[in-house]
Each structure stands twice: as structure tokens, then as C-alpha cells.
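Letter by letter, the chains look like this.
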Amino acid sequence: QAQLVESGGGLVQAGDSLRLSCAASGGTFSSYAMGWFRQAPGKDRQFVAAISWNGIIVTYADSVKGRFTISRDSAKGTVYLQMNSLKPEDAAVYYCAAGGSAWQKRPRDYDYWGRGTQVTVSS
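Residues numbered from 1 in each chain as written. Predicted model: local features only at pLDDT ≥ 70, side-chain atom pairs only at ≥ 80, totals over all residues. Heavy atoms only, no water.

A look at the pattern of salt bridges
Selection rule: Basic side-chain nitrogens of Lys or Arg form a salt bridge, by our definition, when they fall within 4 Å of a carboxyl oxygen of Asp or Glu. For the purposes of this entry, the term helix denotes a DSSP run of H or I that reaches at least four residues, the term strand denotes a run of E that reaches at least two, and both are numbered from the N terminus. Burial status follows relative accessibility: with a 1.4 Å probe on protein chains alone, a residue under 20% of its type maximum counts as buried, one over 50% as exposed, and anything between as partly exposed.
Scanning all chains against the criterion turns up 4 salt bridges. Put simply, Arg-38 and Asp-90 hold a salt bridge, and the shortest N to O gap is 2.9 Å. With Arg-38 in strand 4 (residues 33-39) and Asp-90 in the loop between strand 8 (78-83) and strand 9 (92-99), this residue pair connects regions lying 52 residues apart in the sequence. The same class applies to Arg-38 as to Asp-90, namely buried. Among the salt bridges present, the one from Asp-90 reaches Arg-67, with a minimum N-O distance of 2.8 Å. In this pair, Asp-90 sits in the loop between strand 8 and strand 9 while Arg-67 sits in the loop between strand 6 (58-60) and strand 7 (68-73), placing the two residues 23 residues apart along the sequence. Of the two residues, Asp-90 and Arg-67, neither departs from the other in class, the shared state being buried. Residues joined in a network through salt bridges with shared partners are Arg-38, Arg-67 and Asp-90.

Structure (C-alpha cells):
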């Protein structure tokens, strides 16, 4: 069974940029839409961005639109989330997930999940 592994999280200052990566291990998710979600302490897991299996369709939460960019490299089997102009409210554990459509925004619509990477943003 293929697994998803996130990396690239860390502690940054407000206004800084960070790029998260999600790599497939032991298989491929090339036929899946991929999504990024985040979860802060005491809150539900929230949709951030998604990309279709072929990279043609991308969707974003309103809170990150214009600041974050999702992309994927099929040859490498890697999905990225470029985060610019980070705000303290962006702090959370970020998860990547594999699902059936880039239009899906509910965690329950995604079947495979990574373990997450911590993003901390200080003011």
C-alpha cells in the first residue's frame, strides 16, 4: 500500500514563505486528486487546496487564495504547497491526502492521508 509523507514544515515569521512537499512512498497516486488540509489545536481539519490528477484543476480555500499555490510533479510523484505571506492564523499541522476529485473539500472524501507536518508562524 502506497503511503504519503509530508515534509517542509517549520517555524517562520509572519510574512515569510514556506514550501511543503508530499511524496508517495511504496506506490503512486498519479491517478488521484491530491488535497492539502490543515488542523489547529482544538479545531476541525480544514480544507486548504486541491489539484486534479492531471494538474488542470486547482481549488483553494478563500482564506489562502492568492497566497498559496498547489502543484504536482507527476514524474516525481510529489505534490507541493507553496505558502507565501504567511500569517499567524496559518499555523497548523498540514496534511496531504489523496481523493477522487479536486472539487472535494471534505476530509471524509479523501481516502489516504499522510501523518502531517507542523507549520508555526510567529508574529
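Don't stop here, the text continues.
Section: the nonpolar core
The condition is simple: In plain words, nonpolar cores are sets of buried Ala, Val, Leu, Ile, Met, Phe, Trp, Tyr and Cys residues tied together by side-chain atoms within 4.5 Å. Pairs of residues are marked as contacts when any of their non-hydrogen atoms sit within 4.5 Å.
Within the largest apolar cluster, 33 residues are counted, with the highest numbers of intra-cluster contacts made by Trp-36, Leu-81, Met-83 and Tyr-94. Those elements that place two or more of their residues in this core are strand 3 (18-25), strand 4, strand 5 (46-51), strand 7, strand 8, strand 9 and strand 11 (117-122). The contact partners of Met-83, leaving out residues within four places of it in the chain, are Asp-16, Ser-17, Leu-18, Leu-20, Arg-67, Phe-68, Tyr-94 and Val-119.

Some details on the environment of Ser-71
In this structure, Ser-71 sits in strand 7. Residues Ser-71 and Val-58, 13 residues apart in the sequence, show an inter-C-alpha distance of 8.3 Å. Setting aside chain neighbours within four positions, we find Ser-71 in contact with Ile-51, Thr-78, Val-79 and Tyr-80.

Thoughts on the environment of Ser-63
Mapped onto the elements, Ser-63 comes out in the loop between strand 6 and strand 7. Overall, the relative accessible area of 44% leaves Ser-63 in the partly exposed class. Each C-alpha atom of the pair Ser-63 and Ala-49 lies 10 Å from the other, and the pair is 14 residues apart in sequence.

Here we look at the packing of aromatic side chains
The condition that has to hold: Here a pair means two rings of Phe, Tyr or Trp (six-membered ring of Trp) with centres within 6.5 Å. Their orientation is stacked below 30 degrees between planes, edge-to-face above 60, and tilted elsewhere. Only Lys NZ and Arg CZ are tested; either one counts as a charge over a ring when it is within 6 Å of the ring centre and within 35 degrees of the ring normal.
Summed over the entire model, instances satisfying the criterion amount to 8 aromatic pairs. Where Phe-29 meets Tyr-32, the ring centres are 5.4 Å apart and the plane angle is 65 degrees; that geometry is what we call edge-to-face. With relative accessibility at 6%, the residue Phe-29 sits in the buried group. Consider the rings of Tyr-95 and Trp-113, whose centres lie 6.5 Å apart with planes at 80 degrees: the pair is edge-to-face. With Tyr-95 in strand 9 and Trp-113 in strand 10 (residues 110-113), this pair connects stretches of sequence that are 18 residues apart. A residue is classified by how much of its surface remains accessible, and Tyr-95, at 12% relative accessible area, is buried. With a relative accessible area of 26%, Trp-113 lands in the partly exposed category. Through a chain of ring-to-ring contacts, three or more aromatic side chains come together here, namely Phe-37, Phe-47, Tyr-95, Tyr-110 and Trp-113. The cationic tip of Arg-45 hangs over the ring face of Tyr-95; the distance from NZ or CZ to the ring centre is 3.7 Å. Its guanidinium or amino end placed over the ring of Trp-113, Arg-45 lies 4.9 Å from that ring's centre, counting from NZ or CZ.

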